[in-house]
Amino acid sequence: EGPSEEKAVVTIFEEYFGAHPGKYAIEIIVLGGVDVATGWKEDRFRAIIRLLDYLHHHQTFTFLILDNERYARKLKAEAQKAKSIHSRRYVTRPEYIKIWKRSFEFDNFSCTEIATALTEMIGGQPRFSHQEIEICKQNPESGAKLKELFRQKTGKKLDKFRLSILLL
(Lines give C-alpha, C1' and ligand atoms only; values in the text may rest on other atoms or scores of the structure.)
Protein backbone atom coordinates (compact mmCIF):
# COMPACT_ATOMS: atom_id res chain seq x y z
CA GLU A 1 0.00 0.00 0.00
CA GLY A 2 2.51 2.63 1.10
CA PRO A 3 6.13 3.25 2.03
CA SER A 4 5.69 1.57 5.45
CA GLU A 5 4.73 -1.74 3.88
CA GLU A 6 7.49 -1.40 1.27
CA LYS A 7 10.09 -0.88 4.01
CA ALA A 8 8.75 -3.88 5.93
CA VAL A 9 8.92 -6.20 2.92
CA VAL A 10 12.44 -5.03 1.98
CA THR A 11 13.62 -5.46 5.58
CA ILE A 12 12.15 -8.96 5.80
CA PHE A 13 13.85 -9.99 2.55
CA GLU A 14 17.18 -8.51 3.57
CA GLU A 15 17.10 -10.11 7.04
CA TYR A 16 15.82 -13.55 6.03
CA PHE A 17 17.17 -13.96 2.51
CA GLY A 18 20.20 -11.66 2.69
CA ALA A 19 19.19 -9.69 -0.39
CA HIS A 20 16.86 -7.00 -1.67
CA PRO A 21 13.61 -8.41 -3.19
CA GLY A 22 14.74 -7.11 -6.59
CA LYS A 23 17.41 -9.82 -6.65
CA TYR A 24 14.55 -12.32 -6.88
CA ALA A 25 12.75 -10.28 -9.57
CA ILE A 26 10.24 -8.97 -7.05
CA GLU A 27 9.14 -5.40 -7.60
CA ILE A 28 7.33 -3.48 -4.89
CA ILE A 29 5.07 -0.73 -6.16
CA VAL A 30 4.09 1.86 -3.58
CA LEU A 31 0.54 2.96 -4.28
CA GLY A 32 0.50 5.79 -1.75
CA GLY A 33 -2.48 4.54 0.24
CA VAL A 34 -5.95 3.24 -0.47
CA ASP A 35 -7.31 6.64 -1.56
CA VAL A 36 -4.61 7.14 -4.18
CA ALA A 37 -4.90 3.59 -5.45
CA THR A 38 -8.66 3.55 -5.73
CA GLY A 39 -9.67 6.72 -7.53
CA TRP A 40 -12.97 8.52 -6.91
CA LYS A 41 -16.71 7.77 -6.74
CA GLU A 42 -18.06 5.43 -9.44
CA ASP A 43 -14.60 5.01 -10.94
CA ARG A 44 -13.16 4.25 -7.51
CA PHE A 45 -11.55 0.89 -8.25
CA ARG A 46 -10.92 0.94 -11.97
CA ALA A 47 -7.28 2.05 -11.86
CA ILE A 48 -6.01 -0.56 -9.41
CA ILE A 49 -8.12 -3.35 -10.94
CA ARG A 50 -6.74 -2.56 -14.40
CA LEU A 51 -3.19 -2.57 -12.98
CA LEU A 52 -3.79 -6.01 -11.45
CA ASP A 53 -5.28 -7.21 -14.74
CA TYR A 54 -2.33 -5.89 -16.75
CA LEU A 55 0.27 -7.42 -14.44
CA HIS A 56 -1.45 -10.81 -14.30
CA HIS A 57 -1.84 -10.81 -18.08
CA HIS A 58 1.93 -10.36 -18.26
CA GLN A 59 2.34 -13.35 -15.93
CA THR A 60 3.40 -11.22 -12.98
CA PHE A 61 2.05 -12.47 -9.67
CA THR A 62 0.67 -9.43 -7.91
CA PHE A 63 -0.31 -9.23 -4.27
CA LEU A 64 -2.20 -6.23 -2.92
CA ILE A 65 -1.84 -5.48 0.81
CA LEU A 66 -4.16 -2.88 2.31
CA ASP A 67 -4.97 -1.39 5.71
CA ASN A 68 -8.56 -2.09 6.75
CA GLU A 69 -9.81 1.42 6.16
CA ARG A 70 -12.22 3.31 3.97
CA TYR A 71 -12.91 1.26 0.84
CA ALA A 72 -10.40 -1.57 1.15
CA ARG A 73 -13.00 -4.33 1.63
CA LYS A 74 -15.11 -3.03 -1.23
CA LEU A 75 -12.03 -2.91 -3.47
CA LYS A 76 -11.32 -6.57 -2.65
CA ALA A 77 -14.93 -7.54 -3.42
CA GLU A 78 -14.93 -5.61 -6.69
CA ALA A 79 -11.58 -7.09 -7.76
CA GLN A 80 -12.84 -10.63 -7.14
CA LYS A 81 -15.71 -10.22 -9.59
CA ALA A 82 -13.93 -8.07 -12.19
CA LYS A 83 -13.38 -9.75 -15.55
CA SER A 84 -10.08 -9.38 -17.36
CA ILE A 85 -10.01 -7.27 -20.50
CA HIS A 86 -7.17 -9.50 -21.76
CA SER A 87 -8.76 -12.93 -21.40
CA ARG A 88 -11.86 -14.79 -20.20
CA ARG A 89 -10.47 -15.01 -16.68
CA TYR A 90 -11.03 -12.84 -13.64
CA VAL A 91 -8.59 -10.04 -12.88
CA THR A 92 -7.14 -11.69 -9.78
CA ARG A 93 -7.63 -14.41 -7.22
CA PRO A 94 -9.08 -13.65 -3.77
CA GLU A 95 -5.96 -14.89 -1.97
CA TYR A 96 -3.84 -12.30 -3.80
CA ILE A 97 -5.49 -9.44 -1.91
CA LYS A 98 -4.70 -9.14 1.81
CA ILE A 99 -6.46 -6.71 4.10
CA TRP A 100 -5.00 -6.34 7.56
CA LYS A 101 -7.52 -6.89 10.37
CA ARG A 102 -6.85 -3.30 11.45
CA SER A 103 -3.66 -1.94 9.92
CA PHE A 104 -0.04 -2.84 9.25
CA GLU A 105 1.04 -1.34 12.58
CA PHE A 106 -1.69 -2.78 14.81
CA ASP A 107 -1.61 -6.25 13.26
CA ASN A 108 2.15 -6.66 13.50
CA PHE A 109 3.22 -4.79 16.63
CA SER A 110 2.04 -4.56 20.22
CA CYS A 111 0.61 -1.39 21.71
CA THR A 112 3.73 -1.13 23.86
CA GLU A 113 6.00 -1.35 20.81
CA ILE A 114 3.96 1.33 19.03
CA ALA A 115 3.95 3.61 22.10
CA THR A 116 7.72 3.21 22.49
CA ALA A 117 8.35 3.95 18.81
CA LEU A 118 6.10 7.04 18.86
CA THR A 119 7.86 8.34 21.98
CA GLU A 120 11.26 7.73 20.41
CA MET A 121 10.09 9.40 17.21
CA ILE A 122 9.53 12.70 19.01
CA GLY A 123 12.63 12.60 21.20
CA GLY A 124 11.02 11.31 24.39
CA GLN A 125 8.54 14.07 25.20
CA PRO A 126 5.62 13.81 25.39
CA ARG A 127 5.50 10.12 26.15
CA PHE A 128 2.92 7.80 24.63
CA SER A 129 1.44 5.10 26.84
CA HIS A 130 0.37 1.56 26.10
CA GLN A 131 -3.15 2.52 27.26
CA GLU A 132 -3.45 5.42 24.80
CA ILE A 133 -2.43 3.17 21.93
CA GLU A 134 -4.83 0.46 23.10
CA ILE A 135 -7.71 2.97 22.95
CA CYS A 136 -6.74 3.79 19.36
CA LYS A 137 -6.51 0.11 18.50
CA GLN A 138 -10.04 -0.60 19.78
CA ASN A 139 -11.52 2.17 17.63
CA PRO A 140 -13.00 0.97 14.29
CA GLU A 141 -10.90 3.66 12.57
CA SER A 142 -7.74 2.69 14.49
CA GLY A 143 -5.30 4.25 12.01
CA ALA A 144 -7.14 7.57 11.95
CA LYS A 145 -7.41 7.52 15.74
CA LEU A 146 -3.65 6.95 16.08
CA LYS A 147 -2.93 9.87 13.73
CA GLU A 148 -5.33 12.05 15.74
CA LEU A 149 -3.67 11.09 19.05
CA PHE A 150 -0.24 11.92 17.64
CA ARG A 151 -1.42 15.31 16.36
CA GLN A 152 -3.11 16.14 19.67
CA LYS A 153 -0.01 15.30 21.72
CA THR A 154 2.65 16.76 19.42
CA GLY A 155 0.92 19.25 17.14
CA LYS A 156 2.51 17.40 14.21
CA LYS A 157 1.38 15.02 11.50
CA LEU A 158 2.27 11.36 12.08
CA ASP A 159 4.99 10.15 9.71
CA LYS A 160 3.92 6.52 9.25
CA PHE A 161 7.02 5.70 7.23
CA ARG A 162 9.32 6.86 10.03
CA LEU A 163 7.16 4.97 12.52
CA SER A 164 7.54 1.77 10.51
CA ILE A 165 11.31 2.19 10.45
CA LEU A 166 11.38 2.51 14.23
CA LEU A 167 9.07 -0.47 14.63
CA LEU A 168 11.16 -2.67 12.37
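Structure's up top.
Residues numbered from 1 in each chain as written. Predicted model: local features only at pLDDT ≥ 70, side-chain atom pairs only at ≥ 80, totals over all residues. Heavy atoms only, no water.

## Some points on the overall build of the chain
Secondary structure assignment for the chain yields nine helices and two strands. Counting only C-alpha atoms and orienting by the principal axes, one finds that the chain spans roughly 55 × 40 × 20 Å. Relative to its full complement of 168 residues, the chain shows a buried share of 39%. Across the chain, every contact between residues at least 6 apart in sequence was considered, and the portion connecting residues at least 24 apart equals 61%. For the chain, the exposed area adds up to about 10,400 Å²; of that, 52% sits on carbon and sulfur atoms. (Helix = DSSP H or I, 4+ residues; strand = E, 2+ residues; numbered from the N terminus. Buried < 20%, exposed > 50% of the residue type's maximum accessible area, 1.4 Å probe, protein only. Contact = heavy atoms within 4.5 Å. Areas by Shrake-Rupley, 256 points an atom, 1.4 Å probe, with all protein chains shown as cover.)

## Describing the packing of aromatic side chains
In this structure the tally under the stated criterion is eight aromatic pairs. An aromatic cluster is present here, built from Phe13, Phe17 and Tyr24 joined pairwise through their rings. It is lysine 83 that lies over the ring of tyrosine 90; its NZ or CZ is 4.4 Å from the centre. We note lysine 153 situated over the ring of phenylalanine 128; from NZ or CZ to the ring centre the distance is 4.9 Å. (Phe/Tyr/Trp six-rings, centres within 6.5 Å; stacked < 30°, edge-to-face > 60°. Lys NZ or Arg CZ within 6 Å of the ring centre and 35° of its normal.)

## Some words on the packing of helix α6 (residues 111-121) against helix α9 (residues 160-167)
Their axes nearest at 9 Å, the elements α6 and α9 cross at an angle of 115 degrees. Considering only the axes of α6 and α9, their crossing is right-handed. Contacts from Glu113, Ile114, Ala117, Leu118, Glu120 and Met121 in α6 reach Arg162, Leu163, Leu166 and Leu167 in α9. In the contact of α6 with α9, the residues fall into seven nonpolar, no polar and three charged. (Axes fitted to C-alpha atoms, helices over the stretch in contact; angles between N-to-C directions. Left-handed = near helix turned anticlockwise from the far one by under 90°. Nonpolar A, V, L, I, M, F, W, Y, C, P; charged D, E, K, R; others polar.)

## Let's talk about the nonpolar core
Core analysis: the largest hydrophobic core is formed by 21 residues, its most contacted members being Ile114, Leu118, Phe128, Ile133, Leu146 and Leu163. Looking at this core, the element that brings in the most residues is α6, giving six residues. Residues Ile48, Leu52, Leu75 and Val91 belong to the second largest nonpolar core, which totals twelve residues. (Core = buried A, V, L, I, M, F, W, Y, C linked by side-chain atoms within 4.5 Å.)

## Regarding the pattern of salt bridges
With the rule as written, the count across this model stands at six salt bridges. Residue glutamate 105 is joined to lysine 160 by a salt bridge in which the shortest nitrogen-to-oxygen separation is 3.6 Å. Taken together, the positions of glutamate 105 in helix α5 (residues 104-108) and lysine 160 in helix α9 put the pair 55 residues apart, joining distant regions of the chain. Under the relative-accessibility criterion, lysine 160 is labelled partly exposed at 23%. Within this structure, Asp67, Glu105 and Lys160 form a network of salt bridges that share partners. (Salt bridge = Lys/Arg side-chain N within 4 Å of Asp/Glu carboxyl O.)

## Section: the state of the cysteines
All chains considered together, the criterion is met by zero disulfides. Among the cysteines around cysteine 111, which has no disulfide bond, cysteine 136 carries the closest sulfur, lying 8.5 Å off. Overall, cysteine 111 belongs to the buried group, its relative accessible area being 3%. (Disulfide = S-S within 2.5 Å.)

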